[in-house]
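What follows is each chain in one-letter form.
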Amino acid sequence: MAELGSFTLLLALALSVYSFLAGLIALSFQKQKLATQPTSSKAPNLVPQSSGFGSLLRQSSERLSETARRAGIASFGAVLLASIILVVCAFQDNFSIAYIFHHSNRDLPGPYKFAVLWSGQEGSLLFWSLLLTGYAFVLRLRYKTDPRLFAYASVALAGVQIFFLSLLNFAAHPFAIMQGNLPADGSGLNPLLQYPEMVIHPPMLYLGYVGFTVPFAFALGALITKYPGEKWIHITRRWTMVTWGFLTCGIFLGAHWAYSVLGWGGYWGWDPVENASLMPWLTGTAFLHSVMMQEKRGMLKVWNMWLVFATFWLAILGTFLTRSGIISSVHAFAQSSIGDWFAWFLVLTLVVFLFFFVKNRKHLVSEHKLESLASRESSFLFNNLLFVLLCFTVLWGTWFPKISELVQGNKVTVGAPFYNRVAIPVALLLLILTAVGPLLAWRKTSLESLKRNFLWPTIGAVIVAIFLMITPESWGSVFGLKPWHDISYFYSLMAISLSVLVILTVASEFYRGGKVISKHTGQGTFASMVQLTHRNTRRYGGYIVHFGVVVVIIGLAGAAFNQDQEKEMGYGDRMSIGPYTLLCRSYTEDESPNYFSQWAMIDVFKNGKAIGSMTPVRRFYKASQQTSTIPDIRSTLNEDLYLVFEGVNQDNGHPIIKAHLNALVMWIWMGVWIMLIGTGLALVPNAQAPARAPVTARLERAQPAPVVTGD
Amino acid sequence: MLILCAVIFLIAGASDPASRFSDIGHHMMCICGCNQILLECNHVGCPASDGMRGELMAAVNRGDSDSLVEQAFVQKYGPTVLAAPTGKGFDRVAYIIPVIALILGFGLIVMVVRAWRNRPAPAIAGGLPPIRASELDQFREQARRETEL
């Protein structure tokens, strides 16, 4: 099996190399052919008239291009086969393969054996290649949309494929054979990865990371070909939205996994690996906004090109950080030489992009004209600045320990307090723009219109802020908030108030639009709002994403009010936290083929009333000889009661229980669902709005300027 | 908002020992290698966190100032014990650079917006005269009237 796996990987590399080279040759001859069209005055001098092999290639360049496309498609088949072989080896407990030995064991449950594919360095690189060739497979199948642009994108993707498949074949081989005696059982999968979400979190995250290669490939293709018009932006935007959705899903699945498995009561630790996923997400989000400027007004062509490149580049940089060991992280894979490969690949992609940018930058010149600072255009400019600044802050914070070591000889830690201090004010400014931006019109917005649109949402936000401050603290969570007690409370109050402002402005947009349709069609307001959304799914799907984002932010704002308690609990012992009282009813041990477990049964009372039992668990995995906690979490809209079985007092056998009371955490997970629904909605094609002759006729008589609305 | 932040920064601050313990403890790292904030380290039998928490509690109860406590921890455990760069020496650069980037970014955008506003309107193909701002306002008003509730 290992030999077959190795062969398929080698075949995939060969096919990718062919796809790249043949595609490149075909495109270069097609380019020369285009340059020799009769309309070109200098055409006859460009192509040598009598070069036997060259002439043959020129004549059959389209056929060559087709073979390159088919080789690219076949490379997906080869990588898919290699991945299937690795998974089958995991299910067969084939410990002759070193990767399987290090990441699996006989008693590992089936779903986790499947997840072995992405549980270690080599397997995850194979999985990365599988997704990359998978995306490229879809792209190559859809080539008829625009054969020339797709051919360029296919070649760019083949180039990236070559890099990852070379890594797999020469530096991180997943089918490497064990040396010496064959072990009876494997070392087992890391216990922290033995959790249902771990079966879907990495695929989602990787779909996000890898997916940004596609917009980059299109951007590079458009740059090289000096692609006319904005069609490539339309094609790229949909790919970017899908990819962005996957990355969003992956990031929050990771956060939920950290919350549910790691047992420290939090979901985000500003670890370099977490930051690595956040950076491309931020630039990708900036691109999804700024791309509208190019579509509607033909502006920011250079900026968009760089944003697409930066997003791809940051995704690879994140992988470099994770794999090179250059920056210490609790998540990082073992330090290995593949960091150098990534470093060189980063340099190479930068050089290639920079070369074509410098060569063809004149093609990206656009007519920038702004009428007013109070316009959608300027709000997008500030929005992009803040997103890129947030990305820069995260990048700066991630690298600062290394910079400090180089400058002053000692490392420093850059953890949550740094990011809270630097990034939160920027995020609050972004929240203000999220509220203001959608209400600004393209070109110019009058002060009167701003006042009209903002008055009620602002009053609503102020009322909520006052309500939070005057409610009694005994209500728990964010109630009774005194912003002058602590800067984190102030940030929370600002975040919640601004989120309410965003929600109200989004709601008013739906309501006003729905009312207009209702007035003209006689439908009910809700049905009109549904129709409104269906007529412009991108705009209203985007608003739903904004709504989801602020629901997430309300959840994040709750972190300032978290509490925790820790106690050794024998039979009948009690512990209080917030309105809850915990009573230890029992504790015991259990054994399964994969692990030993210790667990406690805790009765929970809220304000003196019994509300149920919770059972935090601690496991000891036999194969890996590692422990892991499985916290028990009782979630409500207001707060999560989060119990961790931390360990056992060796003297008396009593469990040590840590209780966290985390405010508003459920809002985060709800917000993510809303974001994903909004993203899905934005991908749905628009319904046609019925034409209204009288208005059109009047406007036509008046010969209006092409004022664009929407989005 | 920035001014409000600054005011809150000045007047806010924990004063009672429990709040100070929590505040300082959340600005320090456990040094066992878990990469977690000191008060969030959740390993039973962690070789470091229990002792560090004890030292922190003792220092807070003695009435040592925040900076004195941090200094003592840095001397004993090294600079990585602090969860964020300090505001002294080269560490200040960590905070200054993002602020400079923000100011430069804002300045750049304001300049760009001003330059774009002062540009003449692009000529429309076909010899049509460019639309005047007053005409645009007129059409906006018309659109507003027709879509008014």
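Calculation notes
Note on numbering: residues in each chain are counted from 1, in written sequence order. Chain letters start at A and ligand numbers start at 1, both assigned in the order the entries are written. Per-residue local features are limited, in this predicted model, to residues with pLDDT of at least 70; the limit for side-chain atom pairs, both in listing and counting, is 80 or more; totals at the level of whole chains, interfaces and linings are taken over all residues. Segments assigned H or I by DSSP are reported as helices when at least four residues long, segments assigned E as strands when at least two residues long, and all are numbered from the N terminus. The burial label depends on the number of other C-beta atoms within 10 Å of a residue's C-beta. Counts of 20 or more mean buried, 12 or fewer mean exposed, and intermediate counts mean partly exposed, with C-beta atoms placed from the backbone. Atoms counted for the radius of gyration: C-alpha only. Globule rule: 2.2 Å times the number of residues to the power 0.38. It is the C-beta atoms, placed from the backbone, that decide contacts: two residues are in contact if theirs lie within 7 Å. Note on pairing: DSSP must find at least two bridges between two strands before they are called paired. Between N-to-C directions, angles span 0 to 180 degrees; the directions come from axes that are lines fitted to C-alpha atoms, helices contributing only their stretch in contact. Any angle that is under 35 degrees is reported as roughly parallel, and any over 145 degrees as roughly antiparallel; angles of 65 to 115 degrees are reported as roughly perpendicular and all others as oblique. For this classification, Asp, Glu, Lys and Arg are treated as charged, while Ala, Val, Leu, Ile, Met, Phe, Trp, Tyr, Cys and Pro are nonpolar and the rest, including Gly, are polar. Among buried residues, those of type Ala, Val, Leu, Ile, Met, Phe, Trp, Tyr and Cys that are joined through C-beta atoms within 7 Å form a set called a nonpolar core. These domain limits were set by an automatic method or by a database of domain assignments. Helix crossings get a hand from a simple test, with the near helix turned counterclockwise from the far one by less than a right angle marking a left-handed crossing and a clockwise turn marking a right-handed one. Residue-level confidence of the predictor is summarised by pLDDT, bounded by 0 at the bottom and 100 at the top. A helix is expected to reach a length of 1.5 Å times the quantity of its residues less one. Think of it as the arc spanned by the lines of direction from the helix axis to the C-beta atoms.

Draft legend 1. Structural detail: the overall build of chain B. Within chain B, the regular secondary structure consists of six helices and zero strands. Mapped in sequence order, the helices and strands of chain B form the string α-α-α-α-α-α. When the 149 residues of chain B are sorted by exposure, 23% land in the buried category.

Draft legend 2. View of the overall build of chain A. Helix and strand content of chain A: 21 helices and ten strands. Taken over C-alpha atoms, the radius of gyration comes to 29 Å for chain A, in line with the 27 Å a tight globule of 711 residues would show. For chain A, the spread of C-alpha atoms along the principal axes amounts to about 95 × 80 × 55 Å. Taking all 711 residues of chain A together, the buried fraction comes to 49%. Residue pairs in contact within chain A that sit at least 24 positions apart in sequence constitute 73% of those at least 6 positions apart.

Draft legend 3. Focus on the sheet that holds strand β9 (residues 639-648) of chain A. All names here are of chain A. The four strands are arranged β1-β10-β9-β8 in an open sheet whose pairing can be described as antiparallel. Pairing within the sheet leaves two strands with one partner each, and these edge strands are β1 (563-568) and β8 (632-635). On average, adjacent strands in this sheet sit at an angle of 15° to one another, irrespective of strand direction. Pairing of β8 with β9 involves four bridges; the strand directions are antiparallel. Directly across from isoleucine 633, in β9, lies its bridge partner tyrosine 642.

Draft legend 4. Broad picture of the packing of helix α10 (residues 231-262) of chain A against helix α20 (residues 665-682) of chain A. All names here are of chain A. Taken N-terminus to C-terminus, the directions of α10 and α20 make an angle of 170°; their axes are 10 Å apart at the nearest point. In terms of orientation, α10 and α20 fall into the roughly antiparallel class. Side by side, α10 and α20 meet where Met241, Trp244, Gly245, Thr248, Cys249, Phe252 and His256 of the first sit next to Trp669, Val672, Met675, Leu676, Thr679 and Ala682 of the second. Looking at side-chain class alone, the contact of α10 with α20 contains nine nonpolar, four polar and no charged residues.

Draft legend 5. Local environment of the nonpolar core. With 190 residues, the main nonpolar core has Ala153, Phe218, Ala219, Phe309, Leu386 and Ile553 of chain A as its most contacted residues. Here this core gathers at least three residues from each of two domains, domain 1 (1-41 + 58-191) and domain 2 (561-666) of chain A. Ignoring any residue separated from it by four or fewer positions in sequence, one finds phenylalanine 309 of chain A in contact with Phe216, Ala219 and Phe353 of chain A. Counting 27 residues, the second largest nonpolar core, distinct from the first, contains Val412 of chain A together with Val81, Leu82 and Ala83 of chain B.

Draft legend 6. Up close: the packing of helix α11 (residues 272-297) of chain A against helix α12 (residues 301-324) of chain A. Residues and elements named next belong to chain A. Running from N to C, α11 and α12 point in directions that differ by 165°, and their axes come no closer than 9 Å. Regarding the angle of α11 to α12, the classification is roughly antiparallel. The crossing of α11 and α12 is left-handed. For the contact of α11 with α12, a count of residues per class yields 15 nonpolar, nine polar and one charged.

Draft legend 7. Fine view of the environment of glycine 513 of chain A. All names here are of chain A. For glycine 513, the position within the fold is in helix α17 (residues 487-521). In this structure glycine 513 comes out as buried when scored by C-beta crowding, with 21 C-beta atoms within 10 Å. Between the alpha carbons of glycine 513 and glycine 476 there is a distance of 38 Å; along the sequence they are 37 residues apart.

Draft legend 8. View of the environment of arginine 585 of chain A. Residues and elements named next belong to chain A. Residue position: arginine 585 is located in strand β3 (residues 580-591). Here arginine 585 falls in the partly exposed class, since 14 other C-beta atoms lie within 10 Å of it. Separated by 21 residues in the primary sequence, arginine 585 and lysine 606 place their C-alpha atoms 16 Å from one another. The residues contacting arginine 585, other than those within four sequence positions of it, are Met601, Ile602 and Asp603.

Draft legend 9. Region of interest: the confidence of the model for chain B. Residues and elements named next belong to chain B. Here chain B averages 78 in pLDDT, while 73% of its residues score no lower than 70. Ranking the elements of chain B by mean pLDDT puts helix α1 (residues 2-11) last, at 55, and helix α5 (residues 92-117) first, at 90. The complex model carries a pTM of 0.86, and its ipTM stands at 0.79.

Draft legend 10. Layout of the pairing of strand β7 (residues 626-630) of chain A. Where strand β6 (residues 617-621) of chain A lies against β7 of chain A, five bridges are found, and the strand directions are antiparallel. Counted as the bridge partner of valine 617 of chain A is isoleucine 630 of chain A from β7 of chain A.

Draft legend 11. Quick peek at unusual backbone geometry. All names here are of chain A. A positive phi angle, near 50°, is found at lysine 226, a position not held by glycine. The topology assignment puts lysine 226 in the loop between α9 (213-225) and α10. For lysine 226, a count of 12 C-beta atoms within 10 Å corresponds to the exposed category. Despite not being glycine, leucine 664 has its phi angle at roughly 60°, a positive value. Among the structural elements, leucine 664 can be located in the loop between β10 (655-663) and α20.

Draft legend 12. Region of interest: the pairing of β3 of chain A. All names here are of chain A. Pairing of strand β2 (residues 574-577) with β3, which is carried by four bridges, proceeds in the antiparallel orientation. Within the sheet, the bridge partner assigned to methionine 575 lies in β3 and is leucine 582. Between β2 and the antiparallel strand that follows it, β3, lie two residues; glycine 578 among them carries a positive phi value of about 55°. Pairing of β3 with strand β4 (residues 595-606) involves eleven bridges; the strand directions are antiparallel. In the sheet register, glutamate 589 faces β4, and the bridge partner there is glutamine 598. Two successive antiparallel strands, β3 and β4, enclose a turn made up of three residues.

Draft legend 13. Region of interest: α20 of chain A. Residues and elements named next belong to chain A. For α20, with 18 residues, the first-to-last C-alpha span of 26 Å sits near the 26 Å given by 1.5 Å per residue. Those residues of α20 not exposed but buried are Val665, Trp667, Ile668, Gly671, Val672, Met675, Gly678, Thr679 and Ala682. Here the buried residues of α20 occupy an arc of 140° about the axis, which is enough to place them on one side. Its buried side turned inward, α20 meets α10, α19 (537-557), β8, β9 and β10.

Draft legend 14. Representation of the domain arrangement of chain A. Residue and element names in this part refer to chain A. As far as domains go, chain A holds domain 1 (1-41 + 58-191) and domain 2 (561-666). Distance from the C-alpha centre of domain 1 to the C-alpha centre of domain 2: 45 Å. Contacts between domain 1 and domain 2 engage ten residues on the former and eight residues on the latter. For the side of domain 1 that touches domain 2, a count of residues per class yields three nonpolar, five polar and two charged.

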